[in-house]
Amino acid sequence: MITYFDKLDLELEVFMCGIVCAVSNRDISSILLEGLSRLEYRGYDSCGIALFDNKELNRIRSMKRVLDLKKQLIEYQFTGCIGLAHTRWATHGIPSYNNAHPHFSSNESGKPHIALVHNGIIENYEDFRDSLENIGYRFESQTDTEVLVHLLNHLYTGDIFDTVQNVMKLLKGSYAIAVFCSDEPDRIVGARQGAPLVVGVGEGENYLSSDSLAISDKVKEIIYLEDGEIVDLRRHCINVINKDGFLIEKLRHSAVNFVLTSELGKYRHYMQKEIFEQPMAVADTLHGLDSLSMEIFGRGSSKLFKTIDSVLIVACGTSYYAGMTAKYWIESLAKIRVDVEIASEYIYRDSVPNVNSLVLAISQSGETADTLSALKHAKSLGMKNTMSICNVSTSSIVRESLLNYITRAGIEIGVASTKAFITQLTALFLLSISLANSRGLLTNDQEIIFLKDLRHLPSSIGAVLSLEPFIMEWAEYFSSKENVLFLGRGRHYPIALEGALKMKEISYIHAEAYPAGELKHGPLALVTEHMPVVVVAPNDALLEKIKSNMQEVRARGGNLYVFADKYSKILNDSGIKVIHMPECYGILSPILYAIPLQLLSYHTALILGTDIDKPRNLAKSVTVE
Ligand code: AGP
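As the structure is a computational prediction, the values presented were derived from the model and not from experiment.

## Quick notes on unusual backbone geometry
Here's step 1: A cis amide bond, omega -5°, links H101 with the succeeding residue P102.
Here's step 2: Here P102 shows up in the loop between β4 (82-88) and β5 (103-106).
Here's step 3: For K569, which is not glycine, the phi dihedral falls at a positive 60°.
Here's step 4: Of note, K569 is situated in the loop between β24 (559-565) and β25 (576-581).
Here's step 5: What makes K569 exposed here is its relative accessible area of 70%.

## Examining the domain arrangement of the protein
One frequent convention defines the size of an interface as the accessible area lost when the parts assemble.
Here's step 1: You can read the domains of the protein as domain 1 (7-254), domain 2 (263-458) and domain 3 (466-625).
Here's step 2: For domain 2 versus domain 3, the distance between C-alpha centres works out to 24 Å.
Here's step 3: Across the boundary between the two partners, domain 2 contributes 40 residues, which contact 36 residues of domain 3.
Here's step 4: Buried area between domain 2 and domain 3, both sides added, is near 3300 Å², and the carbon and sulfur share of it is 67%.
Here's step 5: If you sort the residues of domain 2 by the area they bury against domain 3, M271, Y321 and V415 come out on top, with a joint share of 19%.
Here's step 6: Where domain 2 meets domain 3, there are zero salt bridges.
Here's step 7: In this assembly, domain 2 and domain 3 are joined by 12 residue pairs in polar contact (both at pLDDT 80 or more).
Here's step 8: Going through the elements one at a time, α7 (270-276), α10 (317-333), α12 (369-380), α14 (419-438) and α15 (444-465) are the ones with two or more residues in the side of domain 2 that touches domain 3.

## Some points on the sheet that holds strand β14 (residues 247-248)
Two orientations exist for strands paired in a sheet by backbone hydrogen bonds: parallel and antiparallel.
Here's step 1: Taken together, the seven strands give an open sheet; going across it, the order is β5-β6-β7-β8-β12-β13-β14, and neighbouring strands pair in antiparallel fashion. The open sheet is flanked by β5 and β14, the only strands paired with a single partner.
Here's step 2: Packed onto the sheet, helix α5 (residues 144-154) meets β5, β6 (112-122) and β7 (173-181) and runs at close to 135° relative to β6.
Here's step 3: Its contacts with the sheet put helix α6 (residues 160-168) on β6, β7, β8 (188-193), β12 (230-233) and β13 (238-241), and the angle it makes with β8 is roughly 20°.

## Observations regarding the nonpolar core
The nonpolar side chains of soluble globular proteins are, as a tendency, buried together.
Here's step 1: Within the largest apolar cluster, 89 residues are counted, with the highest numbers of intra-cluster contacts made by M387, L430, I433 and F486.
Here's step 2: When residues of this core are assigned to their parent elements, the largest contribution, 11 residues, is made by α14.
Here's step 3: Both domains that furnish three or more residues to this core are identified here as domain 2 (263-458) and domain 3 (466-625).
Here's step 4: Among residues more than four places away in sequence, those in contact with L430 are L286, L289, L292, I296, F297, Y405, L451 and L454.

## Observations concerning the site of the ligand
Here's step 1: For the ligand, the set of nearby residues contains 14 residues, the closest of which are S319, S363, Q364, T368 and E505.
Here's step 2: Here T368 contributes a side-chain N or O atom positioned 2.4 Å from an oxygen atom of the ligand.
Here's step 3: In this structure, an oxygen atom belonging to the ligand sits 2.8 Å away from a main-chain N or O atom of S417.
Here's step 4: In isolation the ligand offers 410 Å² of accessible surface; the protein chains occlude 91% of this area.
Here's step 5: Listed by contribution, the elements that provide at least two residues to the shell around the ligand are α10 and α17 (493-507).
Here's step 6: By residue class, the composition of the shell around the ligand is four nonpolar, eight polar and two charged.

## Overview of the packing of α17 against helix α19 (residues 589-608)
Here's step 1: At a minimum axis separation of 9 Å, α17 and α19 run at an interaxial angle of 20°. Comparing their axes, α19 and α17 come out roughly parallel. Both α17 and α19 take part in a crossing whose hand is right-handed. Where α17 approaches α19, its residues I495, G499, K502, M503, I506 and S507 are matched on the opposing element by P590, Y593, A594, L597, L600, S601, Y602, T604, A605 and L608.
Here's step 2: Its residues placed into classes, the contact of α17 with α19 shows 11 nonpolar, four polar and one charged.

## Regarding the UniProt feature "active site" (unreviewed entry) in the protein
Here's step 1: Feature annotation in UniProt places "active site" (unreviewed entry) on C17 and K620, given in this structure's numbering. The greatest C-alpha distance among the residues just named is 10.0 Å, despite their covering 604 residues of sequence, which places them together in space.
Here's step 2: Mapped onto the secondary structure, C17 falls in the loop between α1 (4-9) and β1 (18-23).
Here's step 3: Residue C17 is classed as buried on the basis of its relative accessible area of 9%.
Here's step 4: For C17, the residues in contact, after removing those within four places along its chain, are H86, T87, R88, W89, N119 and S210.
Here's step 5: Following the sequence through the fold, K620 ends up in the segment after α19.

Thresholds, definitions, all that
- Residues numbered from 1 in each chain as written.
- Predicted model: local features only at pLDDT ≥ 70, side-chain atom pairs only at ≥ 80, totals over all residues.
- Heavy atoms only, no water.
- Helix = DSSP H or I, 4+ residues; strand = E, 2+ residues; numbered from the N terminus.
- Buried < 20%, exposed > 50% of the residue type's maximum accessible area, 1.4 Å probe, protein only.
- Domains from an automatic or database assignment.
- Contact = heavy atoms within 4.5 Å.
- Buried area = accessible area lost by both parts, 1.4 Å probe.
- Salt bridge = Lys/Arg side-chain N within 4 Å of Asp/Glu carboxyl O.
- Polar contact = N/O pair within 3.5 Å; in protein donor to acceptor, adjacent residues only side chain to side chain.
- Pairing = 2+ DSSP bridges.
- Axes fitted to C-alpha atoms, helices over the stretch in contact; angles between N-to-C directions.
- Core = buried A, V, L, I, M, F, W, Y, C linked by side-chain atoms within 4.5 Å.
- Near = heavy atom within 4 Å.
- Areas by Shrake-Rupley, 256 points an atom, 1.4 Å probe, with all protein chains shown as cover.
- Nonpolar A, V, L, I, M, F, W, Y, C, P; charged D, E, K, R; others polar.
- Parallel < 35°, antiparallel > 145°, perpendicular 65-115°, else oblique.
- Left-handed = near helix turned anticlockwise from the far one by under 90°.
- UniProt positions renumbered as here; feature names shortened; annotations may be inferred.

Now the structure itself:
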């Protein structure tokens with residue numbers, strides 16, 4: 001039985017495309033495909049495998065699932081002791097058979113000479129395409145990967161390791177690659193620049209993968225490559241050079257096998273399972289927390305918290321909404337100014353850096369390219385006080401940050417983030433009271449009460465989850481709608497945004513969220529009897545305000561679906577349906593109110609029959625811009 005802490009130590013990395021390769025003396029075709037299957041939940045649009053059988057290099061690609069590759073392997077009877085497998089999530093070029101990896105470049109006799117699988121983006125691929133075409137290379141795809149494979153072939157020195165080293169100097173972008181050359185059939189060369197790549201050390205065979213999850217059951221040890229490093233992978237030896245070309249000793253970590261299969265148990269989808277894992281995820285995230293005096297955010301955090309005069313949060317998607325919620329908490333409790341920036345916007349605008357700011361990157365995966373770039377960008381502007389709240393302890397964002405808080409949500413498989421969000425909020429509340437404490441703004445009694453409230457969270461979440469049957473009744477109605485409006489106020493506005501995002505992501509119903517006070521400034525025009533309006537209405541200082549906003553909706557014939565607590569005095573009425581939350585949660589209520597919105601989206605999507613864990617066009621973690 002693997003605990004949540006064990007899962008954390010699995011050092012999982014998530015990304016969009018998947019790479020699984022091996023050098024062995026046995027047929028590794030089924031092992032590579034099993035590795036790909038382990039990465040399937042992250043989403044992909046095509047997949048492929050290349051195998052060398054001591055004579056020739058063969059390839060199978062598919063626009064279907066990995067299962068189809070298995071069928072084709074049996075049909076064509078392809079085997080091989082060395083191979084490269086890949087799941088692709090389209091960036092350059094549409095999802096198509098020809099764009100699927102592995103890509104080949106052939107020698108003069110027309111036989112495949114170099115095979116390449118690739119994650120990420122080669123930004124300057126167009127610089128090479130025309131000249132390669134002019135010297136006779138024929139392109140069958142629209143990908144940057146095919147440009148790279150021909151470039152490697154063109155510049156091949158007789159040693160594929162040297163060739164990769166030379167070619168890397170010409171490339172711009174973020175990528176991880178694995179290369180095989182049929183002239184040197186005992187080795188695979190891997191290189192990492194901005195996208196994850198790990199080496200798996202087996203017995204008499206070695207592996208290369210973009211994620212240890214794919215190979216953890218086949219190897220004894222894992223080596224994490226850093227940016228600029230290149231690995232020469234053979235059966236009995238593994239050599240790594242750093243970005244300056246020097247041979248280096250790499251730390252080997254014990255591989256922990258994490259079996260994903262049959263984990264669904266009684267649940268129909270990982271998303272549902274992950275929603276119900278939230279009490280445990282929060283308990284694990286808070287594990288060992290006795291007082292705020294501990295340096296839970298890393299060594300030196302207490303001192304640093306006293307020196308900062310503002311917080312700059314960078315994040316994307318759900319993690320961004322967690323950051324928005326934190327703004328309300330930090331400004332109110334710690335009286336520190338907070339700016340929350342969408343990472344992809346922050347990178348490209350002229351901002352005014354404040355070197356006394358704490359730069360906080362929030363990310364479930366720790367590999368989101370935009371968030372990582374935003375963090376690096378802030379550092380390049382002189383902001384050195386960096387921190388991450390992240391679910392993957394070995395991720396790039398964690399490695400890039402001075403301080404860290406690792407949420408212990410365990411692996412999140414559903415593309416739509418649920419338990420990662422709830423644990424992020426938990427960690428952010430902890431940060432808010434820690435910042436308040438470091439400024440002398442928290443009395444001992446308040447600290448005790450807040451910590452007690454945090455420890456009570458898992459049981460409160462459990463009680464909220466018991467509302468599922470009532471939410472299922474609402475889902476029936478929502479599944480027949482094309483549009484939904486979500487409203488919240490104050491610290492519940494980001495929760496309304498997150499509710500709308502969940503609804504969009506998995507049910508494909510158009511959903512928007514507004515701070516309820518904004519209704520009359522525009523969105524009220526959308527409200528008709530056909531537009532259900534979901535309201536997050538806890539009994540807080542803004543309750544009377546949001547009640548007025550609800551009246552504005554009712555006056556236009558809109559139907560209200562309200563989550564409120566008992567003391568709000570909001571009752572079922574004509575055009576108003578209410579689900580009462582089991583308790584009143586005070587300042588922590590955003591955490592609890594997010595949960596029924598997750599369940600509402602889940603059950604609506606279930607009725608609509610969408611691919612809930614792998615919604616169309618989305619990947620679990622976005623490692624490209
Ligand atoms: C959440 O449901 C989304 N799939 C997405 O918005 C996600 O939160 C975003 O891409 C950020 O990911 P991260 O937390 O791994 O950085």
